[in-house]
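Chain by chain, the residues run as shown.
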Amino acid sequence: MKPVSLIQFLIEERRAGHINAELSLLIEVVARACKRIAVAVNKGALGGVLGNAGTDNVQGEAQKKLDVISNEILLEANAWGGHLAACASEEMEDPQPIPDMYPKGQHLLLFDPLDGSSNIDVNVSVGTIFSVLRCPDDVVEPKAEHFLQPGTTQLAAGYVVYGPATVLVLTFGHGTHEFTLDREVGSFVLSRRDIRIPEATAEFAINMSNQRHWEAPMQRYIGELLAGTDGPRGKDFNMRWVASMVADVHRILTRGGVFYYPLDARIIAKGGSGKLRLMYEANPMAFIVEQAGGAASTGRERILDLQPTALHQRVPVFLGSRQEIELATHYHREADGAQ
Ligand code: P6P
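Keep in mind that what you see is a predicted model, and the values were worked out from it rather than measured. (Residues numbered from 1 in each chain as written. Predicted model: local features only at pLDDT ≥ 70, side-chain atom pairs only at ≥ 80, totals over all residues. Heavy atoms only, no water.)

With respect to the nonpolar core
- Judged by nonpolar contacts, the single largest core of 45 residues is most densely connected at Leu23, Ile27, Leu109, Tyr162 and Phe172.
- With 12 residues, helix α2 (residues 21-43) is the single largest residue contributor to this core.
- Aside from chain neighbours lying at most four places away, what touches Phe172 is Phe9, Leu10, Glu13, Ile19, Leu23, Ile27, Leu155, Ala156 and Phe287.
- Listed in part, the 44 residues of the second largest apolar core include Val169, Met279, Tyr280 and Leu311. (Core = buried A, V, L, I, M, F, W, Y, C linked by side-chain atoms within 4.5 Å. Buried < 20%, exposed > 50% of the residue type's maximum accessible area, 1.4 Å probe, protein only. Helix = DSSP H or I, 4+ residues; strand = E, 2+ residues; numbered from the N terminus. Contact = heavy atoms within 4.5 Å.)

Following this line, the structure appears as structure tokens:
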């Protein structure tokens, strides 16, 4: 069968009425920017781009050179196209307006330009995560509060994983689809349409070193997985933890599984609400996973239903095979005395 390029897929989606011309252009521009990020990432030590930039981001995290480079690539690519009203990034405190000399569009783009960048120096897969919202009609200079829309309002979400292959996963709310970069041609080619995550799984991803800090229901749930055939679950579980959300989520989209980054006592003691960011990590990944038949919660609530209160807000993340997410969420709600 003739391969379907990303451009052809976007035309199909426009003809189906799933997206408009401006959103189609936005996705093309983001995909092209991610190809440039892939070139920079794939240079490794030869590109002089490894190591720390010597600066911290808004999260107070030391920025890798490639964090800054990836952020610049995405901002530059999206400035002149006329499809965006503003961008927001993990690497920037405030939203970035579109420069006055360029026309503005009706979309807001949020991204984590290089998620998992602590893995860069050890040559483990990293990725770009992005989310697209509609800019409120009467807003010309979008501020942070205009980005604070629930995940259910996303028009598109996607990620690109820079691994052995460079792979784009994308949803517009009509299924989750995968495109693999054909480096010889330089274009993304549809490699899986309508991905489905199996309802059940025997594989979980979590950073076990935090175990002693977890809340009781998380200790109970993970304890049952570790007990395997000796415990109430009656089957053995496998564990993976890449410490690169895009890589862990891509594995779940490929063979099922669950990913957890729960609250823990240290986060709670510091008045925190989680490790991962809602607007440009949890929401896009939750949209992608739900559109593939999986589930995504904070352990108490559906992630996509959350009303955001801050641009860089953090949340606990439970996502993947529906049966496990529902059980883990049930344990937390039961412990809270809810329902
Ligand atoms: P830890 C990467 O820094 C990240 O934001 C996610 O990509 C990843 O899942 C998580 O943090 C890893 O966290 O505590 O295991 O280093």
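Quick look at the packing of helix α1 (residues 6-15) against α2
- At a minimum axis distance of 10 Å, the contact between α1 and α2 shows a crossing angle of 160°. Here α1 lies roughly antiparallel to α2, going by the angle between them. Crossing of α1 against α2: the hand is right-handed. Residue-level inspection shows Leu6, Ile7, Leu10 and Arg14 of α1 in contact with α2, the latter providing Ala21, Ser24, Ile27, Glu28 and Ala31.
- Across the contact of α1 with α2, the residue classes tally to 6 nonpolar, 1 polar and 2 charged. (Axes fitted to C-alpha atoms, helices over the stretch in contact; angles between N-to-C directions. Parallel < 35°, antiparallel > 145°, perpendicular 65-115°, else oblique. Left-handed = near helix turned anticlockwise from the far one by under 90°. Nonpolar A, V, L, I, M, F, W, Y, C, P; charged D, E, K, R; others polar.)

Regarding the UniProt feature "binding site: Mg(2+) 2" (unreviewed entry) in the protein chain
- This chain's UniProt record puts "binding site: Mg(2+) 2" (unreviewed entry) on Asp112, Asp115 and Glu281. The annotated residues occupy 170 residues of the chain but converge on a single region, no pair of C-alpha atoms lying more than 8.6 Å apart.
- Mapping Asp112 onto the fold places it in strand β5 (residues 107-115).
- With residues near it in sequence (within four places) discarded, Asp112 still touches Glu90, Gly127, Thr128, Ile129, Tyr280 and Glu281.
- Checked against the element boundaries, Asp115 lands in strand β5. (UniProt positions renumbered as here; feature names shortened; annotations may be inferred.)

Looking at the pattern of salt bridges
- Scanning the entire structure with this criterion turns up 20 salt bridges.
- For Arg233, the salt bridge goes to Glu324, with nearest N and O atoms at 2.4 Å. Of this pair, Arg233 sits in the loop between α5 (216-227) and β12 (238-239) while Glu324 sits in helix α9 (residues 322-336), placing them 91 residues apart in sequence.
- Among the residues examined, Arg233 registers a relative accessible area of 23% and is labelled partly exposed.
- Among the ionic pairs, Asp248 bridges to Arg251, the shortest N-O distance being 2.8 Å. (Salt bridge = Lys/Arg side-chain N within 4 Å of Asp/Glu carboxyl O.)

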